[in-house]
Amino acid sequence: MKISGRTKVCALIGDPVEHSLSPIIQNAAFRSLDLDYVYVVFNVKSGDLREAVYGVKALGICGLNVTMPHKTAIIPYLDELDETARKTGSVNTVLNNNGRLIGYTTDGVGALNALKHAGVDPSGKRIVILGAGGASRSISFTLAEHASELVILNRTFSKAKALKDAIRKTLGERAKVRALPLSDENLSVELADADILINATSVGMKPNENETPVKQIYLRGDLVVFDLVYEPLETRLLREAKSIGAKVVDGLSMLVHQGAASFEIWTGVKAPVNVMMKAALEVIQRREGGV
Ligand code: ATR
C-alpha cells in the first residue's frame, strides 16, 4: 500500500476497537481495486466524541465507521441522516461530503445481503429474531419491511416490546411485528412454523462458546439459521442447526456485507465482497487456531 499526500483516510471510531476486523476487510478491498484509500482505527471515549467528529471535518477524513458506544450518540453531531439511519436512530457509517457529514446505517442491508448471498430471500418469510439490542434494532427495521411476519424475542421483554412499537410507529400497519419474552415455551411455539431464525444476542460468543440461545430440539431441518456472532465462526447454534440439515449463515458474512455497503458509500465503487470475505476469514481462522 502506497500512502501519499493524496491518500484518502477512512476510520473506525468506537471503544473498544482494538480487535476490530474492519481495517483488514476494508484495506484488502482498497488494495484489490487499487484505490488510494487507507482505513485506520481510533479509540474514542464517549466524552471525546464531539471533538472527534469535529476532527473528522477539520482533517478531511473521508468516511467513518461507527461502533459501540457511539452509534446513537453521534447523531447530534452530524449534518444529515439518510432515511434508514433516521428511522432506526442508529448510525454505523458516515460520509464526509465536502464538509457535510451524512450518517447511514448499513447493518440492516448487511444482514439482508448476507441472507441473499446464501441464496435466502426473506421476502414473505416468517422470521424469528432473538435479541433487542443495537444489532437487532437495525436488522429488525429492515427485515420487517420484507418479512410476512417478524417475531422479536428478548430476555428483557420491555426492550422487545419497545422495539416492536418503534417499528410499528415508523412502518405503520404494513409491518407485521410481534414481541415476546425469550423462553423455551415461546421458542417452541414460534419456531414450529418459522422460516428464518436470527440470533442477535451475544449468547454463544467467545468465551462462552458452549452456550446456545436455542435448544436443538426446537430447531428444524427446513429452517434457515443466521447467527450474528462470528467468534467462534461456527457457533454451537450453527453447529447444531447444520447437524440436522438446516441451512446456516454466519456472522462473518453479515460483518463483511455491512462493511461492503459502507465501502460503496465512501467510494461509489462496487465492493469486492469475495476479497473482503477471504481477508476476514484468514484472520478469524488464525485467531481460532490460536496463532
Ligand atoms: P448488540 O449491539 O450486539 O445488539 P446489546 O445492545 O448489548 O449488543 O444487546 C445484546 C443483546 O443480547 C440483548 O438483546 C440482550 O438481552 P437483554 O436486552 O435482556 O439484555 C441479549 N443477551 C445478552 N446476554 C444474554 C443472555 N445470557 N441470555 C439472553 N439474552 C442475552
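For the structure, check the block above.
Since the structure is predicted, the reported quantities are computational estimates derived from the model, not experimental observations. (Residues numbered from 1 in each chain as written. Predicted model: local features only at pLDDT ≥ 70, side-chain atom pairs only at ≥ 80, totals over all residues. Heavy atoms only, no water.)

Caption draft 1: Representation of the pairing of strand 7 (residues 126-130) within the structure. Here strand 7 lies mainly inside the structure; 5 of its 5 residues are buried. Burial along strand 7 is two-sided: R126, V128 and L130 facing one way and I127 and I129 facing the other are all buried. As paired strands, strand 7 and strand 8 (residues 149-154) are joined by 5 bridges and run parallel to one another. Bridging across to strand 8, V128 finds its partner in V151. For the crossover from strand 7 across helix 5 (residues 134-144) to strand 8, the handedness is right-handed. Taken together, the 4 bridges between strand 7 and strand 10 (residues 196-199) define a ladder with parallel strand orientation. The residue of strand 10 that forms the bridge with I127 is I196. (Buried < 20%, exposed > 50% of the residue type's maximum accessible area, 1.4 Å probe, protein only. Helix = DSSP H or I, 4+ residues; strand = E, 2+ residues; numbered from the N terminus. Pairing = 2+ DSSP bridges. Right-handed = clockwise from strand over helix to strand, strands pointing away.)

Caption draft 2: Focus on the site of the ligand. What surrounds the ligand is a group of 13 residues, the closest being A132, N154, R155, T156 and K159. Between the ligand and K159 there is a distance of 2.8 Å, counted from an oxygen atom to a side-chain nitrogen or oxygen. Protein contacts shield 68% of the accessible area of the ligand, which totals 650 Å² for the unbound molecule. (Near = heavy atom within 4 Å. Polar contact = N/O pair within 3.5 Å; in protein donor to acceptor, adjacent residues only side chain to side chain. Areas by Shrake-Rupley, 256 points an atom, 1.4 Å probe, with all protein chains shown as cover.)

Caption draft 3: Focus on the packing of aromatic side chains. Enumeration according to the criterion identifies 3 aromatic pairs in this entry. Taking the centre distance of 5.0 Å and the plane angle of 25° together, the rings of F30 and Y37 count as stacked. Residue classification places F30 among the buried residues on the basis of a relative accessible area of 1%. The buried category is assigned to Y37, whose relative accessible area is 10%. Judged by centre distance (5.9 Å) and plane angle (45°), the rings of Y39 and W266 are tilted. Taken as a pair, Y39 in strand 2 (residues 37-43) and W266 in helix 9 (residues 251-267) lie far apart in primary sequence, 227 residues in all. Here Y39 matches W266 in class, with each residue buried. (Phe/Tyr/Trp six-rings, centres within 6.5 Å; stacked < 30°, edge-to-face > 60°.)

Caption draft 4: Focus on the pattern of salt bridges. Under the counting rule described, the total for this entry stands at 19 salt bridges. Of the charged contacts in the structure, one is a salt bridge between K242 and E234, with a shortest N-O distance of 2.8 Å. Accessibility expressed as a relative area gives 46% for K242, which makes it partly exposed. Of the residues examined, E234 reaches a relative accessible area of 33% and is grouped as partly exposed. (Salt bridge = Lys/Arg side-chain N within 4 Å of Asp/Glu carboxyl O.)

Caption draft 5: Here's a closer look at helix 9. In this model helix 9 runs 24 Å from its N-terminal to its C-terminal C-alpha over 17 residues, within 8% of the 24 Å that 1.5 Å per residue would give. By the N-cap criterion, in which a side-chain oxygen at the helix start approaches the backbone nitrogen of a residue two or three places on, helix 9 is capped by D250, the distance to L252 being 3.1 Å. Downstream of helix 9 by one or two residues, G268 has phi in the positive range, about 70°. (Expected span 1.5 Å × (residues − 1).)

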